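Examining the three-dimensional arrangement
Chain residues, written in single-letter form:
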Amino acid sequence: MTQQKSSSGLAGVVAGTTAICTVGAGGENLHYRGYAIQDLVAGDCFEEVAYLLIYGELPTVPQLVAYEQRLISLRVLPEALKNVLELMPGDTHPMDVLRTACSFLGNLEPEGKQRDQYQIADRLLATFPGILLYWYHFHQNGNRIDTQSDEDHVAGHFLRLLHGEAPKPEWERAVNISLILYAEHEFNASTFAARVTAGTLSDFYSAITSAIGTLRGPLHGGANEAAMALIEQFDSPEMAEAGLRRMLANKALVMGFGHRVYKVSDPRSDIIKQWAKTLSQDVGDHVLYPVSERIEAVMQKEKKLFPNLDFYSASCYHFCGIPTELFTPLFVMSRITGWAAHVIEQRENNKLIRPTADYTGPAPRAYVPIGERPVA
Ligand code: COA
C-alpha cells in the first residue's frame, strides 16, 4: 500500500467539494456561486449576497424585500441573552462575547422541530450586531440600548447601534462593501472548522460557535485588528519603512499580508483599498493611509507579499469610527452567511471529516507498573 505524504497545515490538499465558492491562486478568480466578486460588489447589497449564499440563488426583488423585512423582524434579543451579555466582563474580547452569545442562543432557541437551519442562519445574521453592541454599550457606559433600529441593512444597522445616530452614507457603503467581501471564502480555517463540527451531525449553533473560535486568531480573522495595531505604531511613511525593515530582519510576521491560496494578489484587497483611500481623504487623514501604502510597498519589494483583505479593511473601519476590537466581530457578521451555506452543504452529503496523521512519537514500548518505576 502506498503511503500518502502528509501536508503541513493541509496546504494544497483538496479536502472536499463545494458549489459555493471558488478561490483561484492567481488572484483573479473569486466567485460566490458563480458570480464574480467584482459584480457582487457593484450590486452593492450585502443582503442579496447573504441570500445567494444561504439560499443558493440571487433573490428576485420581492424575495429580497421579504428577506430584508424578515431580518429586521429577527433583530430583537431575548431578555435572558441580554442578562448574559450584562454578566460577561467588560474586558472580555468581543469575539468571545459573540462565541458565548451564539452558544447561549442555541440553549434558548435550539435547532429542532421548531427551528430549522435556515431560520437559525437568518436569526444569527440578524442578531449579531445587536448582541455585540448591546454588550459593548452596557459595559462602556451602562446603557441598555434598543437593538432595533430604523436601518434596513446590516451595515447601517451596525453603524447606527454603534454611534447612536444615522450612519454617514459613505461609511455605510464602505461597511456594506466590506461585508460582501468578507462573506465567503471556500475552505478557509473557520469554515472548515464549521464543516468538521457539522460533519459529526452536531447542531447548527455548535458549528458556528466552532467557526467563531477559529476566526478569532490573528492568522485568520484576527489579522484585521493586528494590522491596525501595526499601522497605528507609525507616525510617518518613513518611520513605517524603517519599522517594517526591522520587523522583517527579525523574521516577524506582518499581519494583513500573504495568503494560503492566493499567490499573486488578493482580489478583494484592491476593492477595499480604494475605500480606505476615499475615506482617508474624507476625514483629512495624512498619516494612516500613506503609512499603509508604504508598508505595502516594502512588503512587495522585500518579500513579494501582497496585502490580503484584512490589511486595508483595518484603516477603512478605523475611518468609519469603528473601535479596533470590533473589527473581527464585523467579519463574523458577514461570514455567518458563508459558514451557514457550508454547514447546509456539508449536511446535504455528509461524511465524517476525520483525517489521519503521520505518527512521530516513541516506538511501541513496555508498560512499567507505577510501583516498579524508578523513584527519581
Ligand atoms: N509576513 C512575513 N512573512 C510572511 C508572511 C507575513 N504576513 N506571510 C508569509 N510569510 C513568509 C513566511 O514566513 C514564509 O517564509 P519562509 O519560507 O522564509 O519560512 C513564506 O512567506 C511562506 O509562508 P507560509 O507561512 O508557509 O504561508 P502559509 O500559507 O502557511 O500562511 C498565512 C498563510 C496567511 C497564515 C500567512 O501569510 C500569515 O501568517 N499572514 C499574516 C496573517 C494574516 O494576514 N492572516 C490573514 C489571512 S487572510
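Residues numbered from 1 in each chain as written. Predicted model: local features only at pLDDT ≥ 70, side-chain atom pairs only at ≥ 80, totals over all residues. Heavy atoms only, no water.

Applying the stated criterion to the full structure yields one cavity of 30 Å³ or more. Computed from the structure, the largest cavity encloses a volume of approximately 50 Å³. If you trace the largest cavity, you find it lined by E47, E68, L71, R75, L125, A126, P129, D152, V154 and H157. Where the lining of the largest cavity is concerned, the elements lending two or more residues are α3 (61-73), α6 (117-141) and α7 (154-163). In terms of residue count, α6 provides more of the lining of the largest cavity than any other element does, three residues in total. (1 Å grid on protein atoms, 1.4 Å probe; cavity = no way out; pocket = protein on both sides within 12 Å on 5 of 7 lines; lining within 4 Å. Points joined across faces, edges and corners; volume = space filled by probe spheres on them. Helix = DSSP H or I, 4+ residues; strand = E, 2+ residues; numbered from the N terminus.)

As a further point, take unusual backbone geometry. You will see that K251, though not glycine, has its phi angle at about 60°, which is positive. Topologically, K251 is positioned in the loop between α12 (237-249) and α13 (267-283). Using a relative accessible area of 77% as the deciding quantity, one classes K251 as exposed. Notably, K304 is not glycine yet its phi reads approximately 55°, a positive angle. Relative to the helices and strands, K304 is located in the loop between α14 (288-303) and α15 (309-319). (Buried < 20%, exposed > 50% of the residue type's maximum accessible area, 1.4 Å probe, protein only.)

What follows concerns the layout of surface pockets. Considering only enclosed or pocket space, the largest pocket measures out at about 1400 Å³ in volume. As for the largest pocket, its lining consists of 44 residues, and the residues nearest its centre are A189, L219, H259, R260 and V261. With three residues, the top contributor of residues to the lining of the largest pocket is α14. Class assignment for the residues of the lining of the largest pocket results in 24 nonpolar, twelve polar and eight charged. (Nonpolar A, V, L, I, M, F, W, Y, C, P; charged D, E, K, R; others polar.)

Looking now at the packing of α3 against α6. The geometry of α3 relative to α6 is characterised by a closest axis approach of 8 Å and an angle of 65° between their N-to-C directions. By the criterion of interaxial angle, the relationship of α3 to α6 is roughly perpendicular. Handedness of the α3/α6 crossing: right-handed. Two secondary-structure elements touch here, α3 through Y67, R70 and L71 and α6 through D122, L125 and A126. Here the residues of the contact of α3 with α6 sort into four nonpolar, no polar and two charged. (Axes fitted to C-alpha atoms, helices over the stretch in contact; angles between N-to-C directions. Parallel < 35°, antiparallel > 145°, perpendicular 65-115°, else oblique. Left-handed = near helix turned anticlockwise from the far one by under 90°. Contact = heavy atoms within 4.5 Å.)

Another point: the sheet that holds strand β1 (residues 21-23). Strand order in this open sheet of three strands is β1-β2-β3, and the pairing throughout is antiparallel. Strands with a single pairing partner mark the edges of an open sheet, and in this sheet they are β1 and β3 (35-36). Note: β1 against strand β2 (residues 30-32), three bridges, orientation antiparallel. Its bridge partner lying in β2, C21 is registered against Y32. (Pairing = 2+ DSSP bridges.)

With nine of eleven residues buried, helix α9 (residues 189-199) is to be regarded as a mostly interior element. Every buried residue belonging to α9 is among S190, T191, F192, A193, A194, R195, T197, A198 and G199, and all of these are buried. On its buried side, α9 packs onto α10 (204-215) and α16 (327-348). One or two positions beyond α9, positive phi appears at L201, with a value near 70°.

Moving on to the site of the ligand. Taken together, the neighbourhood of the ligand is formed by 18 residues, with V254, G256, F257, R260 and N308 sitting nearest. Here a nitrogen atom of the ligand and a backbone polar atom of V254 are 2.7 Å apart. In isolation the ligand has 850 Å² of accessible area, and contact with the protein removes 61% of it. The site holding the ligand turns out to be the largest pocket. Split into classes, the residues belonging to the shell around the ligand amount to ten nonpolar, five polar and three charged. (Near = heavy atom within 4 Å. Polar contact = N/O pair within 3.5 Å; in protein donor to acceptor, adjacent residues only side chain to side chain. Areas by Shrake-Rupley, 256 points an atom, 1.4 Å probe, with all protein chains shown as cover. Sits in = over half its atoms within 2 Å of the grid points.)

Counting residues in hydrophobic clusters, the biggest one holds 111 residues, and the most contacted among them are Y32, L85, L124, F128, I295 and I322. No other element matches α6, which puts twelve residues into this core. Among residues more than four places away in sequence, those in contact with I322 are F158, L159, L162, V175, Y317, F327 and L330. (Core = buried A, V, L, I, M, F, W, Y, C linked by side-chain atoms within 4.5 Å.)

Geometric descriptors of this kind do not, in isolation, establish any biological role.
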